[in-house]
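# Chains, contacts and geometry: an overview
The primary structure of each chain is shown beneath.
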Amino acid sequence: MADYILVTETGSDIHEETARRHGIVVVPMHVNFGEVSRDDDSFPPEELYEYYKTTGKLPQTSGCTPADFSAAFDRIHEKYPTAKILYLAYSAATTVSYRSAHLAAEGRDYVTMMDTKSVSCALRLVVTNVARMMEVNPDATEDEVKAFVESQVRRIRFAFIPGDLDYLRAGGRLSNVAFLGATLLRIKPTVEVLDGKLVATKKRRGAMVKCVGQLVEDFVTREPMDLSRVNLTYTVGNAPDPIIRALVEKILRDHGAQEIEWVKSGCVIASHSGPGAFGIAAVAAE
């Protein structure tokens, strides 16, 4: 019986196979199509894109509710009554999920909550790194586990390029004037998560493959990085664009990357970044 059960949200893009492999409980965030709410990761992002294309309305995303977490905590505690729950949260600065979990955790002394200040494949990398650490060190103390999480949170790095700026405009994150100018000039902003917040840090110009190559090269060289594991995210199809994939993997291998994992984003992430987005996450060196 596990001493700890890890819990996170679907915005981590930890899909069923990975969750099952590591025993991670993934609580659904939500996507609202008008009056209809659907669980994130219960349907492919292509349905979201088709809805926006057909209606001109971008589905709205929302975090987990207290009821979502209460149900998850109850299931875990019933199955593993002596286990502790370690909730590794989607960035609290971007969603209500952390607050919802706090409400659900009241009176449950077996629940520990930690804000990873991460989203998407960066959150995936943090959570799965913690899972691997605990698998290798099953006798790790609570203080050792927390220290490892804190180290991961401090050192995680994540950057992405949206695939379609129209999704940022429709979601109110980009003005019409900025959208028009960026489209005409073929500008693709790089967005990074800094202290838990999404921040546009650099503008790149040109074809997507060129901008992705520049992003990856900059990402792995601007500071010493631990490239033993790199998580990459994409938002369309059953596999990333083959040209982008070949370029990215060559750059990473040239810099010594070892385990390279491509992960398709779920709908919460895809609704913000649009089809054709690319993201990269890795941990900075100690």
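Look a little higher up for the structure.
Residues numbered from 1 in each chain as written. Predicted model: local features only at pLDDT ≥ 70, side-chain atom pairs only at ≥ 80, totals over all residues. Heavy atoms only, no water.

This next bit is on the nonpolar core. Core analysis: the largest hydrophobic core is formed by 61 residues, its most contacted members being Leu6, Phe69, Leu86, Leu88, Val149 and Phe158. The leading source of residues in this core is helix H5 (residues 120–136), at ten residues. Once residues within four sequence positions are removed from consideration, Leu6 is found in contact with Gly23, Ile24, Val25, Leu86, Leu88, Val127, Val130, Ala131 and Met134. The next biggest cluster of nonpolar side chains, apart from the first, holds 25 residues, and it includes Cys211, Tyr234, Val248 and Ala282. (Core = buried A, V, L, I, M, F, W, Y, C linked by side-chain atoms within 4.5 Å. Buried < 20%, exposed > 50% of the residue type's maximum accessible area, 1.4 Å probe, protein only. Helix = DSSP H or I, 4+ residues; strand = E, 2+ residues; numbered from the N terminus. Contact = heavy atoms within 4.5 Å.)

The parallel open sheet is built from four strands, whose spatial order is S2-S1-S6-S7. The sheet is open, and its two edges are formed by strand S2 (25–27) and strand S7 (111–118), each paired on a single side. Each adjacent strand pair in this sheet contributes to an overall mean axis angle of 25°, direction not counted. Summarising the sheet, strand S6 (residues 84–90) and S7 pair through six bridges and their orientation is parallel. Note that in S7 the partner of Tyr90 across the bridge is Ser118. Packing of helix H4 (residues 97–105) onto the sheet brings it into contact with strand S1 (4–9), S6 and S7, and relative to S7 it is tilted by some 175°. (Pairing = 2+ DSSP bridges. Axes fitted to C-alpha atoms, helices over the stretch in contact; angles between N-to-C directions.)

As a further point, take the environment of Thr221. In this fold, Thr221 is placed in helix H9 (residues 208–221). Under the relative-accessibility criterion, Thr221 is labelled partly exposed at 44%. Placed 34 residues apart in sequence, Thr221 and His255 show a C-alpha to C-alpha distance of 8.6 Å.

Right, let's talk about the packing of aromatic side chains for a bit. For the coordinates displayed, the defined rule picks out seven aromatic pairs. Look at Phe33 and Tyr51: their rings are 4.9 Å apart centre to centre, the planes differ by 90°, and that puts the pair in the edge-to-face class. Of this pair, Phe33 sits in strand S3 (residues 30–33) while Tyr51 sits in helix H2 (residues 45–55), placing them 18 residues apart in sequence. In this structure Phe33 comes out as buried when scored by relative accessible area, which is 11%. What makes Tyr51 partly exposed here is its relative accessible area of 24%. Counting every residue linked through ring pairs, the aromatic cluster contains Phe69, Phe73, Tyr87 and Tyr98. Stacked on the ring of Phe33, the Lys or Arg Arg38 has its end atom at 5.5 Å from the ring centre. If you follow Arg38 out to its NZ or CZ, it ends over the ring of Phe43, 3.9 Å from the centre. (Phe/Tyr/Trp six-rings, centres within 6.5 Å; stacked < 30°, edge-to-face > 60°. Lys NZ or Arg CZ within 6 Å of the ring centre and 35° of its normal.)

Under the counting rule described, the total for this entry stands at 19 salt bridges. A salt bridge links Arg38 to Glu47; the shortest N-O distance between them is 3.0 Å. Between Lys250 and Asp254 there is a salt bridge whose closest N-O contact spans 2.8 Å. Here Lys250 pairs with Asp254, and both are found in helix H10 (residues 242–254), just four residues apart, close to one helical turn. Judged by its relative accessible area of 55%, Asp254 is exposed. The network of salt bridges with common partners includes Arg124, Arg132, Arg229, Glu259 and Glu261. (Salt bridge = Lys/Arg side-chain N within 4 Å of Asp/Glu carboxyl O.)

We now examine H4. Listed in full, the buried residues belonging to H4 are Ser97, Ser100, Ala101, Ala104 and Ala105. All buried residues of H4 fall inside an arc of 130° around its axis, so they share one side. In the segment just after H4, Gly107 is the residue with positive phi, at about 80°. (Arc of directions from axis to C-beta.)

Attention now moves to the sheet that holds S3. Spatial strand order, S4-S3-S5: three strands in an open sheet with antiparallel pairing. The strands lining the two open edges of the sheet, one partner per strand, are strand S4 (36–39) and strand S5 (60–62). Across the sheet, the mean angle separating the axes of adjacent strands is 30° when strand polarity is ignored. Pairing of S3 with S4, which is carried by four bridges, proceeds in the antiparallel orientation. Each residue of the ladder has a partner; that of Val31, found in S4, is Arg38.

Shape is all these values report; function is a separate question.
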